[in-house]
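Each chain, written out:
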Amino acid sequence: MANSVTEQIQGLWNSDFSVAYVQPTAFAGLHVLEFVVPLIIAVAYLTYAERKVLAAMQMRQGPNVVGPFGLLQPLADGLKLLAKETIIPSGANRGVFLFAPMLTFLLSLVAWAVIPVNAGWVVSNINVGVLYLFAISSLGVYGILMAGWASNSRYAFLGGLRSAAQMVSYEVSMGFVLVSVLLTTGSLNLTAIVDAQHPFWVSLMLFPMFIVFVISALAETNRAPFDLPEGESELVGGYNVEYSSMTFALFFLGEYSNMILMSGMTSVLFLGAWLPPFGISALAVVPGFIWFALKVCFVLFVFIWTRATLPRFRYDQLMRLGWKVFLPFTLVWLVFMAAVLLYNHALPGMQGG
Amino acid sequence: MIEAIFFYVFSAVLIGSAAWVISSRNPVHSVLALILAFFNAAGLFVMLGAEFLAMIMVIVYVGAVAVLFLFVVMMLDIDFVKLKAGLVKNAFVGFIVGGVLLAEFVWMYLRWGMSQVTPHVMMPTPDMAQVNNTQALGMVLYTHYVYLFQISGLILLVAMIGAITLTHRRRPDNRTQKVAIQVARNPKDVLKVEKITSGSGVH
């Protein structure tokens with residue numbers, strides 16, 4: 001009896017319909033889980049790492065009570081948030097209010113579809129990977145705007161507006177940085193970008209763009225010193241002031257997974273992702289994904305380090321930096337890079353020309 | 001079959017959300033529905049193999065234009081009673097405009113002729129197996145029609161500068177930060193550098 005049931009299941013699994021539709025869907029689902037589960041764990045321990053690093057920089061202990069060295073603290077925090085009551089303000093626009101955190105979290109996950117973690121380790125190796133990432137990161141603003149509006153609270157609304165203006169401003173210079181990277185590699189495919197080998201002088205020209213990118217990434221993820229959308233000192237908690245329990249947790253998870261995403265983008269675009277540093281072939285014995293993880297951790301450390309070191313920007317200073325410093329600089333530098341590459345016949349597609 | 005299902009899903013949601021844009025009472029909901037419509041249009045582009053256009057659609061329309069729409073609409077304080085009064089007053093004009101548009105569509109549809117042979121075109125679409133559409137678009141915009149492209153960019157620039165000069169007003173009482181003066185200050189006069197040994201802190 002049991003035998004016939006397993007045979008039936010096997011028969012169903014091997015049927016035409018299953019081979020055509022069910023099996024690919026199941027494998028794709030598994031493939032996605034391979035990325036999402038480590039990501040969620042990474043997000044949990046990023047919050048722990050942030051608290052520990054901040055504590056070390058401020059000569060405190062940090063979380064050290066739950067589990068050895070406080071290692072179970074993220075789990076405890078997660079459980080606490082799960083167990084709390086979800087409060088929806090009576091004046092709130094319910095649908096939009098609940099959709100906003102889901103959208104934020106969803107967007108921070110779907111962007112990982114194109115990030116190559118190792119040679120060939122990518123969910124979807126699409127031709128326009130860079131554009132996809134840019135598109136998804138430009139959507140991130142909606143979660144915050146919707147949250148700010150739907151909360152029906154002055155503080156949340158101001159936080160949402162600030163965030164929208166800030167993200168739109170820094171996206172412009174970020175776009176120019178991306179274009180400069182494309183100029184040196186000639187492909188929108190992220191794997192091709194990692195594999196492109198630059199001569200030293202090209203990397204040197206990309207270095208200022210790398211700095212601009214990291215600073216813009218701080219602004220895009222609303223991290224200190226650009227965390228004005230939260231701005232505890234003026235806006236209480238900014239856009240997420242009315243959120244509690246799981247809805248708050250989703251914002252929190254979204255913010256941290258966006259941080260990891262931006263670090264991943266930085267390491268793919270500038271740090272060579274899974275390739276060993278400085279092209280030292282002896283270091284290739286370490287598997288590629290470990291190099292990728294180390295590079296991501298390095299950029300994340302810079303994020304946290306910045307938070308511990310710098311005070312928050314004033315809003316007009318933030319806008320000035322975005323529009324009057326980064327935008328002209330990246331624009332001029334892009335033209336300069338294009339000119340130098342053209343002069344040296346190093347533009348992709350004109351090799352040996 | 002799977003393509004057909006996706007096509008119908010995208011199209012149905014696109015048309016549904018377009019209807020939602022004009023029927024929603026809350027303007028913010030309208031903008032959100034508009035975003036959904038853009039998104040589904042991008043999905044249809046992906047299905048056509050035009051992934052570059054799809055991404056540009058999301059970046060430009062969803063990521064920039066709609067953000068600014070939402071930004072403005074969210075800050076409006078809308079009086080629904082006044083809005084309805086305007087509706088009745090302007091309904092006649094609206095119907096005329098809609099009627100003209102409809103007549104045009106009907107006329108175009110009736111006169112529409114499809115030639116059986118593929119006509120000789122100036123720029124035949126390159127084979128997608130050889131050139132991906134990002135490269136094909138790049139060739140058209142930046143190689144074959146670079147001057148036209150640059151001129152249209154210039155026109156947009158002029159329009160933007162015009163809009164800024166028309167709306168920008170300089171307020172004399174505005175106390176903006178003068179960065180040059182601040183940068184020109186001597187660090188010795190304003191900064192005290194403390195050398196702190198690691199792990200000791202400042203009290």
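Counting restarts for each chain: residues are numbered from 1 in the order of the written sequence. Labels are handed out in written order, letters beginning with A for the chains and numbers beginning with 1 for the ligands. Two thresholds apply to this predicted model, a pLDDT of at least 70 for residue-level local features and 80 or more for giving and counting side-chain atom pairs, whereas whole-chain, interface and lining totals are computed over all residues. For the side-chain quantities, the full set of heavy atoms in the structure was used; hydrogens and water were omitted.

Asker: Which parts of the structure should I look at to understand the overall build of chain A?
Answerer: Secondary structure elements follow DSSP: runs of H or I no shorter than four residues count as helices, runs of E no shorter than two count as strands, and numbering proceeds from the N terminus. From N to C terminus, chain A includes 12 helices and 0 strands. In sequence order, the secondary structure elements of chain A are arranged as α-α-α-α-α-α-α-α-α-α-α-α. For chain A, the C-alpha atoms occupy an extent of roughly 70 × 65 × 40 Å along the three principal directions. Counting every position in chain A, which comprises 353 residues, the buried fraction comes to 48%. Two residues form a contact once any of their heavy atoms are found within 4.5 Å. Summarising the internal contacts of chain A: among those between residues at least 6 apart in sequence, 76% fall at separations of at least 24. Note on charges: Lys and Arg go in the positive column, Asp and Glu in the negative column, and His and the chain ends are not counted at all. Taken as the charge centre is NZ of Lys, CZ of Arg, CG of Asp or CD of Glu, depending on the residue. Here chain A contributes 15 positive and 16 negative side-chain charges, whose respective centroids are spaced 12 Å apart. Classification of residues uses two cut-offs on accessible area relative to the type maximum, computed with a 1.4 Å probe and protein chains only: under 20% is buried, over 50% is exposed, and between them is partly exposed.

Asker: Honestly, helix H6 (residues 154-185) of chain A in this entry has me stumped. Any pointers?
Answerer: Think of an α-helix as turning once every 3.6 residues; residues three or four places apart then point the same way. Residues and elements named next belong to chain A. Taking 1.5 Å per residue as the helical rise, H6 with its 32 residues ought to reach 46 Å, and the 46 Å between its terminal C-alpha atoms agrees with that figure. Of all the bends in H6, the greatest, near 25°, is centred on Val-172. Along H6, 23 of the 32 residues are buried, which leaves the element largely enclosed by surrounding structure. The backbone nitrogen of Tyr-155 lies 3.4 Å from a side-chain oxygen of the residue at the head of H6, namely Ser-153. Gly-186 sits one or two residues past H6 and shows a positive phi near 70°. Take the residue count of a helix, subtract one, and multiply by 1.5 Å to get its expected span. A residue's bend is simply the angle between two axes: one fitted to the seven residues ending at it, one to the seven starting at it. In protein, a polar contact requires one atom able to donate a hydrogen and another able to accept it; more generally it is a pair of N or O atoms within 3.5 Å, and residues adjacent in sequence count only if both atoms are side-chain atoms.

Asker: Can you walk me through the packing of helix H5 (residues 129-150) of chain A against helix H3 (residues 51-75) of chain B in this structure?
Answerer: Between two packed helices, both the angle of their axes relative to each other and the distance between the axes serve to describe the pair. For helices, the fitted axis covers only the stretch in contact; all axes are lines through C-alpha atoms, and the angles between them, taken along N-to-C directions, range from 0 to 180 degrees. The contact between H5(A) and H3(B) brings their axes to 9 Å, and the two run at 20°. The angle between the axes of H5(A) and H3(B) places the two elements in the roughly parallel class. The element H5(A) and its partner H3(B) pack so that their crossing is left-handed. Between H5(A) and H3(B), the residues in contact are Leu131(A), Tyr132(A), Phe134(A), Ala135(A), Ser138(A), Leu139(A), Val141(A), Tyr142(A), Leu145(A) and Trp149(A) and Phe52(B), Met55(B), Val58(B), Ile59(B), Val62(B), Gly63(B), Ala66(B), Val67(B), Leu70(B) and Met74(B), respectively. Residues are sorted three ways: Asp, Glu, Lys and Arg are charged, Ala, Val, Leu, Ile, Met, Phe, Trp, Tyr, Cys and Pro are nonpolar, and all the rest, Gly among them, are polar. Here the residues of the contact of H5(A) with H3(B) are counted per class, giving 18 nonpolar, 2 polar and no charged. Should an angle lie under 35 degrees it is considered roughly parallel, over 145 roughly antiparallel, and from 65 to 115 roughly perpendicular; all remaining angles are considered oblique. Crossing handedness: left-handed means the near helix sits turned counterclockwise from the far one by under a right angle, and right-handed means the same turn made clockwise.

Asker: Quick question: what am I supposed to make of the domain arrangement of chain A here?
Answerer: Accessible area lost upon the coming together of the parts serves often as the stated size of an interface. Residues and elements named next belong to chain A. Each domain's extent was defined by an automatic or database domain assignment. Here the domain parsing of chain A yields domain 1 (1-83) and domain 2 (93-343). Its C-alpha centre places domain 1 at a distance of 23 Å from the equivalent point of domain 2. Contact residues are listed per partner, giving 17 residues for domain 1 and 25 residues for domain 2. Buried area adds together the accessible area that both of two parts lose upon being put together, with accessible area traced by a 1.4 Å probe. Buried surface at the junction of domain 1 and domain 2, summed over both partners, amounts to about 1,800 Å²; 86% is from carbon and sulfur atoms. Between Lys or Arg on one side and Asp or Glu on the other, a salt bridge is scored when a side-chain nitrogen of the former is within 4 Å of a carboxyl oxygen of the latter. The tally of links between domain 1 and domain 2 comes to 2 salt bridges.

Asker: Whenever I open this one, the pattern of salt bridges confuses me. Can you help?
Answerer: Pairs can form between side chains of opposite charge whenever their charged atoms are close. Residues and elements named next belong to chain A. One pass over the structure, following the stated rule, counts 7 salt bridges over all chains. In this structure, the salt-bridge partner of Glu-50 is Arg-307, at a minimum N-O distance of 2.9 Å. Placement of Glu-50 in helix H2 (residues 16-57) and of Arg-307 in helix H11 (residues 288-309) is noted, with a sequence separation of 257 residues between them. Classification of Arg-307 by relative accessible area gives partly exposed; the value is 36%. For Arg-223, the salt bridge goes to Glu-255, with nearest N and O atoms at 3.5 Å. Here Glu-255 lies in helix H10 (residues 245-269) and Arg-223 lies in the loop between helix H8 (200-220) and helix H9 (232-235), a separation of 32 residues in the sequence. For Arg-223, a relative accessible area of 2% corresponds to the buried category. You can call Glu-255 buried: its relative accessible area is 13%. Through salt bridges that share partners, Glu-50, Arg-223, Glu-255 and Arg-307 make up one connected network.

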